[in-house]
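# Chain and residue survey
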Amino acid sequence: MNAGAKYIVEVTPEERAAGQLAQDSAKRAYSAMNTLGFVILRGCFAPDLVTEMHAEYLAQYGHLDVAGMEELSRNPSPVIEVGKGRFEIVMKLVGAFDMRAYANGLLLRFLIPLMGQDLRLSGVSAVAAYPGADRQRMHRDAAQLFPDYQVGPNLPTYAVNVSVPLIDVDAAIGPTGIWPASHRLNDDKLPPEQDLLTVPFLKGDAILIDYRTLHAGLPNRSQTVRPILYMVYARNWFFDDGNHPQRSPLNMPLETFRALPDTLKPLLMRAYSQIVRAKELNATQG
Ligand SMILES: O=C(O)CCC(=O)C(=O)O
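Treat the numbers as computed from the prediction; the structure is a model and nothing was measured.

What surrounds the ligand is the set Val82, Arg86, Val127, Gln136, His139, Thr176, His215, Gly217, Arg226 and Tyr230. Glutamine 136 is positioned such that a nitrogen or oxygen atom in its side chain is 3.0 Å from an oxygen atom of the ligand. Between the ligand and the protein, one listed contact pairs an oxygen atom with a side-chain N or O atom of tyrosine 230 at 3.4 Å. Within the complex, the protein chains bury 91% of what would otherwise be the 290 Å² of accessible surface of the ligand. Contributing elements (two or more residues each) for the shell around the ligand: strand 9 (215-217) and strand 10 (226-234). Among the residues making up the shell around the ligand, the classes are represented as three nonpolar, five polar and two charged.

Looking now at the sheet that holds strand 4 (residues 86-89). Taken in spatial order, the eight strands of this open sheet run 1-2-8-6-10-5-4-3, and their pairing is mixed. Taken across any chain shown, the strands that pair with only one partner, and hence form the sheet edges, are strand 1 (8-10) and strand 3 (79-81). Strand-to-strand twist of the sheet, defined as the mean angle between neighbouring strand axes without regard to direction, takes the value 25°. Direction of pairing for strand 6 (residues 159-165) relative to strand 8 (residues 206-210): antiparallel, over a ladder of four bridges. Among the inter-strand pairings, serine 163 is bridged to a residue of strand 8, identified as isoleucine 207. Helix 3 (residues 47-61) rests against strand 3, strand 4, strand 5 (120-129), strand 6 and strand 10 of the sheet, and its axis sits at about 105° to strand 10.

Further remarks concern the packing of aromatic side chains. Counted by the stated rule, this structure contains 10 aromatic pairs. With a centroid separation of 6.4 Å and an interplanar angle of 90°, the aromatic rings of tryptophan 237 and phenylalanine 238 are classed as edge-to-face. Exposure remark for phenylalanine 238: the relative accessible area of 9% places this residue in the buried category. Taken together, the ring pairs in this structure connect Tyr158, Tyr211, Trp237 and Phe238 into an aromatic cluster. Positioned over the ring face of phenylalanine 239 is arginine 270, at 4.3 Å from the centre of the ring.

The rules behind these values
- Residues numbered from 1 in each chain as written.
- Predicted model: local features only at pLDDT ≥ 70, side-chain atom pairs only at ≥ 80, totals over all residues.
- Heavy atoms only, no water.
- Near = heavy atom within 4 Å.
- Polar contact = N/O pair within 3.5 Å; in protein donor to acceptor, adjacent residues only side chain to side chain.
- Areas by Shrake-Rupley, 256 points an atom, 1.4 Å probe, with all protein chains shown as cover.
- Helix = DSSP H or I, 4+ residues; strand = E, 2+ residues; numbered from the N terminus.
- Nonpolar A, V, L, I, M, F, W, Y, C, P; charged D, E, K, R; others polar.
- Pairing = 2+ DSSP bridges.
- Axes fitted to C-alpha atoms, helices over the stretch in contact; angles between N-to-C directions.
- Contact = heavy atoms within 4.5 Å.
- Phe/Tyr/Trp six-rings, centres within 6.5 Å; stacked < 30°, edge-to-face > 60°.
- Buried < 20%, exposed > 50% of the residue type's maximum accessible area, 1.4 Å probe, protein only.
- Lys NZ or Arg CZ within 6 Å of the ring centre and 35° of its normal.

None of the figures reported here should be taken as evidence of function without further support.
Quick look at the structure:
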């Protein structure tokens, strides 16, 4: 499976300008989410905006080498190590990491039928894979819900990770590898390793991955640092205490939040309550 495959839906400039997929494209994208557990909305973001986001990433972390990132990750900071040479960073939501990213109209319109009108932004981070980064282990973003009842694979989507590559990511730089349809498997039944799908990512892509879908960051065999922005959206009752137990899922200055249009605030409000919880947990558990 590759270009023209069922999991790539081309977003036309007209659809991007209208902030809405045409009916046929939307149907194909929902079908991929349902059967494969992921879809690539190719061209969801304007390449110029992604270039701006990359510049903001570089302004915040571009000066750090692996040793610098390791050092940060050893102390309380927005950075944690998620594999050798691979770091998850809760990016400061300033510059181009603004509502054009996390409140992209086309994206939200697509996600609402999957997770409800009152869906919430659960968190925003980036994963930077440095040259030499290892392959990650196969994992889901969260375990299947209600494991004792084995119903998780049949449930509707409750959270989606939207990956936005900040540069073109070919096989050498290392995209995120995905096991198609693995969201429909119970936790005790892993797919064969050889079912791993590697698709090069392009600037402008939004790769929507159901939280249950098995995936792994692939090795970075290039000389280029690979940052991918991750915006997680979830049903309003879901708190990601697994990935963000004592860590803020969002880094947005309060004055930036207060300046947002009132219609947008509910989308982010929940992440703010998790910031408070993370701080309290840190204070009480050390
Ligand atoms: O780096 C990647 O491509 C994937 C990262 C990831 O899945 C994780 O850190 O949980």
